[in-house]
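Tertiary structure, described
Spelled out, the chains give:
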Amino acid sequence: AQKVTQAQTEISVVEKEDVTLDCVYETRDTTYYLFWYKQPPSGELVFLIRRNSFDEQNEISGRYSWNFQKSTSSFNFTITASQVVDSAVYFCALNSNSGYALNFGKGTSLLVTP
Amino acid sequence: EADIYQTPRYLVIGTGKKITLECSQTMGHDKMYWYQQDPGMELHLIHYSYGVNSTEKGDLSSESTVSRIRTEHFPLTLESARPSHTSQYLCASSEIGGSYNEQFFGPGTRLTVL
């Protein structure tokens, strides 16, 4: 069975603060893929990043960074110097070769206030 | 520009009506999916397709049905809508191949059944 847990339901920060969104996953597969998606108020899900189980290298893209640690089964997402436009619901998801679709966490709602 | 479209964006109907939610993609993707997103934000897979004439039910039981007559088109139908069907419905697509491929999502249809 596969499972993704996003323990933080809602986070509220003031603009320019750094914020980390947690994601913990469970899978019995040795090959799997982790994803982060952003869902702004308009409703569509926007793909942010994919990470495969063999690549534990952290990634930075502008103000976004991701920390993948297989030892703790975590794939956390950090936004540096948050902005109001970062306000959205963020989903972590998991897929593997034995699966047919993404398993999503319940999402973390991030509110960035001026 | 390659994209994925959903119509209508918003729909309010009465109980007992038959409705079809449209989903089309211009990316040439073989795999397509329907997710239902409840007010608590969690996403549940209700249908998927690997290609023309292929449809499967997802993890969440749904009274809706789907068809895949053309690669680019994956409509979802409710024969008799009920208030319990009130939700957001998201369509997605991905390339054929491994589960490493990210899914691209449409803007969603927000359905309200009175």
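For the structure, check the block above.
Residues numbered from 1 in each chain as written. Chains lettered and ligands numbered in written order. Predicted model: local features only at pLDDT ≥ 70, side-chain atom pairs only at ≥ 80, totals over all residues. Heavy atoms only, no water.

Some details on the interface of chain B and chain A
At the junction of the two partners, chain B supplies 23 residues and chain A supplies 23 residues. Between chain B and chain A lies a buried interface of about 1900 Å² when both sides are counted; carbon and sulfur atoms form 56% of it. Applying the counting rule to chain B against chain A returns one salt bridge. Across the salt bridge formed by Glu102(B) and Arg50(A), the nearest N and O atoms sit 2.4 Å from each other. Viewed at the interface, chain A and chain B are joined by four residue pairs in polar contact (both at pLDDT 80 or more). Of all the secondary structure elements, the ones that give two or more residues to the side of chain B that touches chain A are β4 (31-37), β5 (43-51) and β9 (87-94) of chain B. (Contact = heavy atoms within 4.5 Å. Buried area = accessible area lost by both parts, 1.4 Å probe. Salt bridge = Lys/Arg side-chain N within 4 Å of Asp/Glu carboxyl O. Polar contact = N/O pair within 3.5 Å; in protein donor to acceptor, adjacent residues only side chain to side chain. Helix = DSSP H or I, 4+ residues; strand = E, 2+ residues; numbered from the N terminus.)

Looking at the environment of Gly28(B)
Note on placement: Gly28(B) falls in the loop between β3 (19-25) and β4. Placed 44 residues apart in sequence, Gly28(B) and Glu72(B) show a C-alpha to C-alpha distance of 6.6 Å.

Some points on the pairing of β9(B)
Residues and elements named next belong to chain B. Counting buried positions over the eight residues of β9 gives eight, a clear majority of the element. Direction of pairing for β4 relative to β9: antiparallel, over a ladder of seven bridges. Bridging across to β9, methionine 32 finds its partner in serine 93. Bridge analysis of β9 against strand β10 (residues 104-105) gives two bridges, and the strand direction is antiparallel. Looking at β10, one finds that serine 93 is bridged to phenylalanine 104. (Buried < 20%, exposed > 50% of the residue type's maximum accessible area, 1.4 Å probe, protein only. Pairing = 2+ DSSP bridges.)

Observations concerning the packing of aromatic side chains
Tallied over the full model, the rule gives 19 aromatic pairs over all chains. Ring centres 6.1 Å apart and planes at 70° place the aromatic pair Phe104(A) and Phe105(B) in the edge-to-face group. One end of the pair, Phe104(A), is in strand β11 (residues 103-104); the other, Phe105(B), is in strand β10, on a second chain. The class of Phe105(B) is buried, set by a relative accessible area of 7%. Aromatic ring contacts, followed pair by pair, group Phe35(A), Tyr37(A), Phe47(A), Phe91(A), Phe104(A), Tyr33(B), Tyr35(B) and Phe105(B) into a single cluster. Over the aromatic face of Phe74(B) sits the side chain of Arg68(B), whose NZ or CZ is 5.8 Å from the ring centroid. (Phe/Tyr/Trp six-rings, centres within 6.5 Å; stacked < 30°, edge-to-face > 60°. Lys NZ or Arg CZ within 6 Å of the ring centre and 35° of its normal.)

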